[in-house]
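Chain by chain, the residues:
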Amino acid sequence: MTGSRVVALGHYQPAKVLTNDDLAAMVDTSDEWITSRVGIKTRHVGGPDEPVDELAAHAAAKALAAAGLQPADIDMVLVATSTAIDRSPSMSARVAARLGLGSPAVMDINVVCSGFTHALATADHAIRAGAATRALVIGADKMGDIVDWTDRSSCVLMGDGAGAAVVVADPAGGEAPGIGPVLWGSVPEMGNAVRIEGTPPRFAQEGQSVYRWATTQLPPIARKVCERAGVTPEDLAAVVLHQANLRIIEPVARRIGAVNAVIARDVVDSGNTSAASIPMALSKLVERGEVESGAPALLFGFGGNLSYAGQVIRCP
């Protein structure tokens, strides 16, 4: 059976940086308060002239260039986002137009914070089924557009950005796939724990409920992801969890047992960028040379709905 693999990554963030001290001038907070509770120092925030599809297209163009592919080579575009304001054209269709792609299948996937890992699994399945050969998989969100900047409990968390992966068919990947089996699911009774609702849409969450679920229930699920991929947590070279909160990331990584892995901590510099957080953090690890090509990395998204999805991939 044909497998698939990630051959290149790219990321993009708006130029404007908002520090904790900047936020302290806007709401009743401080650098110490924010750092001690969520571990975030800075976040990037896009302006009104930087729509979600523009962020996504910049990241995708970098991934495409790194893969050495032409726009016409791509036959599927998947964009994971929960901050698209318009229903149509979709973000994926707009990205395809911006990049001058030929006639790819285009699809947006809204699973909020676990959107990228859902989209990556969908691309892998499409390639395995013979429905695609080369896909752009993008996570892009502009959380600054949906956060209440007067609410200190939520505005300190959010940032904007995009990350992208080029996924291609791998005929030799049937037995040692570049993208391992996905483990995905949801907790329907906790679906309201993370919300983006209203007109205009606004972000809200039950932070303590999400924290308790993530720190207690997520580690055994993540270990099952490793089991499905045929690796042990000790084998992992990197762990890239959804970058929600450093107080979630560090204890969860510890409880997974990934004692030899580099732990992505991009949340410190980027904040919570929802579907963009995993591909952006992974792209930065690879760009900095912190993980070797072919090394196994656990990707695990969790959040809104309350949904989750994870897989082990081989780094490009």
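Refer to the structure printed above.
Residues numbered from 1 in each chain as written. Predicted model: local features only at pLDDT ≥ 70, side-chain atom pairs only at ≥ 80, totals over all residues. Heavy atoms only, no water.

Here the focus is the overall build of the chain. The number of helices and strands found in the chain is ten helices and 14 strands. For the chain, whose C-alpha radius of gyration is 18 Å, the value lies close to the compact-globule estimate of 20 Å for 316 residues. Taken along its principal axes, the extent of the C-alpha atoms in the chain is 55 × 45 × 40 Å. A buried classification covers 58% of the 316 residues belonging to the chain. Pairs at least 24 residues apart make up 76% of the contacts formed inside the chain by residues separated by at least 6 positions. Working note: accessible area of the chain is about 12400 Å², and carbon and sulfur atoms make up 49% of it. (Helix = DSSP H or I, 4+ residues; strand = E, 2+ residues; numbered from the N terminus. Rg over C-alpha atoms; globule rule 2.2 N^0.38 Å. Buried < 20%, exposed > 50% of the residue type's maximum accessible area, 1.4 Å probe, protein only. Contact = heavy atoms within 4.5 Å. Areas by Shrake-Rupley, 256 points an atom, 1.4 Å probe, with all protein chains shown as cover.)

Omega for the bond connecting S88 with P89 falls within 30 degrees of zero, at 0°, which places this linkage in the cis form. Here P89 shows up in the loop between β4 (76–80) and α4 (91–99). Backbone torsion omega between T199 and P200 reads 0°, so that peptide bond is classified as cis. Tracing the sequence through the fold places P200 in the loop between β9 (194–197) and β10 (202–205). One non-glycine residue, V112, lies in the positive phi region at around 50°. Looking at the element boundaries, V112 is found in the loop between β5 (105–109) and α5 (115–128). Although it is not a glycine, S274 sits at a positive phi angle of roughly 55°. Counting through the fold element by element, S274 comes out in the loop between α9 (267–270) and α10 (277–287). Taking the relative accessible area as the measure of exposure, S274 reaches 1% and is therefore buried.

This part is about the sheet that holds β4. In space, the five strands of this open sheet follow the order β1-β7-β6-β4-β5, with mixed pairing throughout. Across the chains shown, the open sheet's two edge strands, defined by having one partner strand only, are β1 (3–12) and β5. For this sheet, the mean inter-axis angle between neighbouring strands, taken without regard to orientation, is 20°. Bridge count for β1 against strand β7 (residues 160–170) is nine bridges, and the pairing is antiparallel. The residue bridging Y12 from the neighbouring strand is A162, located in β7. Packing against the sheet, α5 makes contact with β1, β4, β5, β6 (134–142) and β7, and its axis sits at approximately 160° to β4. (Pairing = 2+ DSSP bridges. Axes fitted to C-alpha atoms, helices over the stretch in contact; angles between N-to-C directions.)

Right, let's get into the pairing of β5. Pairing of β4 with β5 involves five bridges; the strand directions are parallel. Residue pairing in the sheet places A80 in a bridge with I109 of β5. One crossover worth recording links β4 to the parallel β5 by way of α4, and it is right-handed. (Right-handed = clockwise from strand over helix to strand, strands pointing away.)

With respect to the helices and strands, T29 occurs in the loop between α1 (20–24) and α2 (31–38). You can call T29 buried: its relative accessible area is 11%. Contact partners of T29, with chain neighbours within four places excluded, come to L23, A24, I34, R152 and V156.

The next subject is helix α8 (residues 246–256). Three or more residues of α8 are buried, namely L246, I248, I249, P251, V252, A253 and I256. On its buried face, α8 is in contact with α2, α7 (207–229), β11 (238–241), β12 (262–263), α9 and β13 (296–303). Two to three positions downstream of the cap, the backbone nitrogen of R247 sits 2.7 Å from a side-chain oxygen, assigning the N-cap of α8 to N245. Trailing α8 by a residue or two, G257 shows a phi angle of about 95°, which is positive. (Polar contact = N/O pair within 3.5 Å; in protein donor to acceptor, adjacent residues only side chain to side chain.)

What follows concerns the packing of α7 against α8. Direction vectors running N to C along α7 and α8 enclose 35°, while the axes themselves pass 9 Å from each other. The interaxial crossing formed by α7 with α8 has right-handed handedness. Each of Y211, A214, T215, L218, P219, A222 and R223 in α7 lies in contact with α8, whose residues at this interface are R247, I248, P251, V252, R255 and I256. Residues of the contact of α7 with α8, tallied by class, amount to nine nonpolar, one polar and three charged. (Left-handed = near helix turned anticlockwise from the far one by under 90°. Nonpolar A, V, L, I, M, F, W, Y, C, P; charged D, E, K, R; others polar.)

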